[in-house]
Amino acid sequence: MIKRFFDWLKKPLGLIAVGITFLALFSLAAYGISLSQQPPAQPVQFPHRIHIGFGIQCLYCHPGAAKGPSAGIPAEARCWGCHNQIVKTQTSLLLKPLKDSVISGKPLQWVPVAQVPDFVQFNHRAHIAAGQNCENCHGDMSKMTVAENPQIFNMGFCLKCHTKVAGENHDLLVKLTDCGTCHY
Ligand code: HEC
Ligand code: HEC
Ligand code: HEC
Ligand code: HEC
Ligand code: HEC
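Looking at the coordination of the iron atom of ligand 5
Ideal donor angles around a metal are set by the shape: a four-donor tetrahedron calls for 109.5 degrees, a six-donor octahedron for 90 or 180 degrees.
Here comes step 1: Around the iron atom of ligand 5, the protein contributes the donor atoms Met155 (SD) and His183 (NE2), which lie 2.0 Å from the metal centre.
Here comes step 2: In this structure, the iron atom of ligand 5 is surrounded by six donor atoms whose angles at the metal cover 86 to 180°, and the resulting shape is octahedral. Taken together, the residues span a long stretch of sequence, with Met155 in helix α11 (residues 155-166) and His183 in the segment after α13 (179-182) at a distance of 28 residues.
Here comes step 3: A relative accessible area of 54% places Met155 in the exposed class.

Take a look at the structure:
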């Protein structure tokens, strides 16, 4: 029985069946990967696109980026400063969770998307002070609704830019590629 099956596999029809099975498994895997790269469900479908389109600066909502290690997510009070004056806030279903949060005092639970593991030291301030744009690392947020992570923050991602930034400056290259600069 098994042998007959294998003989059949070698015939044209069998080969086609093998091909189809292979393609099906492949697309299933591709679908799985695409799912795992979709942004997580957020409490509010916060549209970066719309807010950046109004000319609101990144640092208005993420001021920590210029001051220290983390950029921070704005508190509801910051949203409300504008939204309590915007007519649409009263009727928009998208804004209902924000309104509920302000009334109840329960903060929105945003799910982080841009992260490095705990054993990596990353400080926004040093990068902003050195003239790096948010876009260099986070991609073009003006096209996004909720934040997505366009690239994985692995070691290669950091080192590629550090090597480029250092250029001919040997001392800087040593500093920016030293294990102890990012792991301590
Ligand atoms: C500087 C002012 C300002 C701040 C701060 C602000 N928004 Fe907005 N937001 C707007 C404006 C203006 C619109 C567009 C309203 C319209 O279409 O009439 C908008 C639209 C939205 C929408 C889409 C609503 C819809 O139904 O289309 C959501 C959701 C939203 N804001 C959430 C937030 C959240 C959450 C925060 C805080 C993290 C925030 N906003 C902070 C000005 C602001
Ligand atoms: C009106 C406020 C507002 C403005 C302006 C804004 N953001 Fe945000 N940002 C948010 C909120 C709220 C979240 C959390 C929801 C999410 O992850 O989409 C967020 C999330 C992010 C995240 C993911 C954070 C995480 O938890 O991993 C990044 C990266 C980011 N913003 C970058 C930017 C950049 C770059 C700009 C300017 C081009 C910008 N933001 C402008 C409110 C804002
Ligand atoms: C050199 C690359 C780089 C630049 C430039 C950069 N970021 Fe980040 N950002 C990161 C990395 C890496 C993380 C993850 C940090 C962590 O897990 O501690 C992150 C995390 C974030 C987060 C979520 C966690 C947090 O720190 O609160 C926000 C929001 C954010 N960045 C916003 C911004 C904004 C706004 C700018 C520009 C003013 C900016 N970033 C510039 C690399 C960068
Ligand atoms: C787009 C370019 C770019 C990327 C990507 C980048 N860096 Fe940097 N990094 C810089 C620049 C520029 C400096 C400042 C160099 C100088 O001192 O002149 C710097 C400096 C540093 C420093 C030393 C300053 C300090 O905070 O003590 C650390 C640590 C660091 N980066 C960590 C990281 C890590 C971790 C990542 C990846 C998650 C990363 N960087 C990704 C450009 C980048
Ligand atoms: C510019 C910053 C930077 C420098 C310099 C750096 N690393 Fe890393 N390293 C990272 C980041 C970011 C990660 C997180 C990788 C991830 O999440 O996939 C990491 C991860 C690691 C890991 C864990 C790997 C894994 O697969 O989980 C090891 C081990 C490591 N680094 C060792 C080193 C050694 C040894 C050096 C010196 C030769 C070094 N690193 C220099 C940024 C850096």
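What about the coordination of the iron atom of ligand 3?
Here comes step 1: Around the iron atom of ligand 3, the donor atoms from the protein are His124 (NE2) and His138 (NE2), and they sit 2.0 to 2.1 Å away.
Here comes step 2: Judged by its relative accessible area of 22%, His138 is partly exposed.

Observations regarding the site of ligand 5
Here comes step 1: The immediate surroundings of ligand 5 are formed by 15 residues, with Met155, His162, Cys179, Cys182 and His183 found nearest.
Here comes step 2: The separation between a nitrogen atom of ligand 5 and a polar side-chain atom of His183 is 2.8 Å.
Here comes step 3: One can see that ligand 5 is located within the second largest pocket.
Here comes step 4: Going through the elements one at a time, α11, α12 (170-177) and α13 are the ones with two or more residues in the shell around ligand 5.
Here comes step 5: Considered class by class, the residues forming the shell around ligand 5 number 10 nonpolar, four polar and one charged.

A few points about the pattern of salt bridges
Here comes step 1: This structure, assessed with the given rule, holds two salt bridges.
Here comes step 2: Between Asp100 and Lys96 there is a salt bridge, with its nearest N and O atoms 3.0 Å apart. Placement of the pair is Asp100 and Lys96 together in helix α8 (residues 96-104), with a separation of four residues, close to one helical turn.
Here comes step 3: By relative accessible area, Asp100 is classed as partly exposed at 34%.
Here comes step 4: On the accessibility criterion, Lys96 (42% relative accessible area) is partly exposed.
Here comes step 5: Note that Lys143 is salt-bridged to Asp140, the shortest N-O span being 2.8 Å.
Here comes step 6: Look at Asp140 and you get partly exposed, because its relative accessible area is 29%.

Quick notes on the site of ligand 3
Here comes step 1: Ligand 3 sits among 20 residues. The nearest are Gly72, His124, Cys134, Cys137 and His138.
Here comes step 2: Take His124: an N or O atom from its side chain is 2.9 Å from a nitrogen atom of ligand 3.
Here comes step 3: Secondary-structure elements contributing two or more residues to the shell around ligand 3 are α4 (58-61), α9 (124-129) and α10 (134-138).
Here comes step 4: A class-by-class count of the residues in the shell around ligand 3 yields 11 nonpolar, nine polar and no charged.

Remarks on the confidence of the model for the protein chain
In low-pLDDT segments, the atomic positions of the prediction should not be examined closely.
Here comes step 1: Taken over all residues, the pLDDT of the protein chain has a mean of 87, while the share at 70 or more is 80%.
Here comes step 2: By mean pLDDT, the top-scoring element of the protein chain is α9 (98), and the lowest-scoring one is helix α2 (residues 12-36) (57).
Here comes step 3: Per-residue pLDDT stays below 50 along residues 32-36; that stretch engages in zero contacts with residues further than four places along the chain or on separate chains.

Remarks on the packing of helix α6 (residues 76-83) against α8
Here comes step 1: Where α6 contacts α8, the axes come no closer than 10 Å and their chain directions differ by 115°. Between α6 and α8, the crossing angle belongs to the class labelled roughly perpendicular. Read as a crossing pair, α6 and α8 show a hand that is left-handed. The residues of α8 that touch α6, namely those facing Glu76, Cys79, Trp80 and His83, are Leu98, Lys99, Ser101 and Val102.
Here comes step 2: Residue composition of the contact of α6 with α8, grouped by class: four nonpolar, two polar and two charged.

Calculation rules
- Residues numbered from 1 in each chain as written.
- Chains lettered and ligands numbered in written order.
- Predicted model: local features only at pLDDT ≥ 70, side-chain atom pairs only at ≥ 80, totals over all residues.
- Heavy atoms only, no water.
- Donors = N, O, S within 2.8 Å, 3.2 Å for Na, K, Ca; no water.
- Tetrahedral: all angles 85-135°; square planar, octahedral: opposite > 155°, others 65-115°.
- Helix = DSSP H or I, 4+ residues; strand = E, 2+ residues; numbered from the N terminus.
- Buried < 20%, exposed > 50% of the residue type's maximum accessible area, 1.4 Å probe, protein only.
- Near = heavy atom within 4 Å.
- Polar contact = N/O pair within 3.5 Å; in protein donor to acceptor, adjacent residues only side chain to side chain.
- 1 Å grid on protein atoms, 1.4 Å probe; cavity = no way out; pocket = protein on both sides within 12 Å on 5 of 7 lines; lining within 4 Å.
- Sits in = over half its atoms within 2 Å of the grid points.
- Nonpolar A, V, L, I, M, F, W, Y, C, P; charged D, E, K, R; others polar.
- Salt bridge = Lys/Arg side-chain N within 4 Å of Asp/Glu carboxyl O.
- pLDDT = per-residue confidence, 0-100.
- Contact = heavy atoms within 4.5 Å.
- Axes fitted to C-alpha atoms, helices over the stretch in contact; angles between N-to-C directions.
- Parallel < 35°, antiparallel > 145°, perpendicular 65-115°, else oblique.
- Left-handed = near helix turned anticlockwise from the far one by under 90°.

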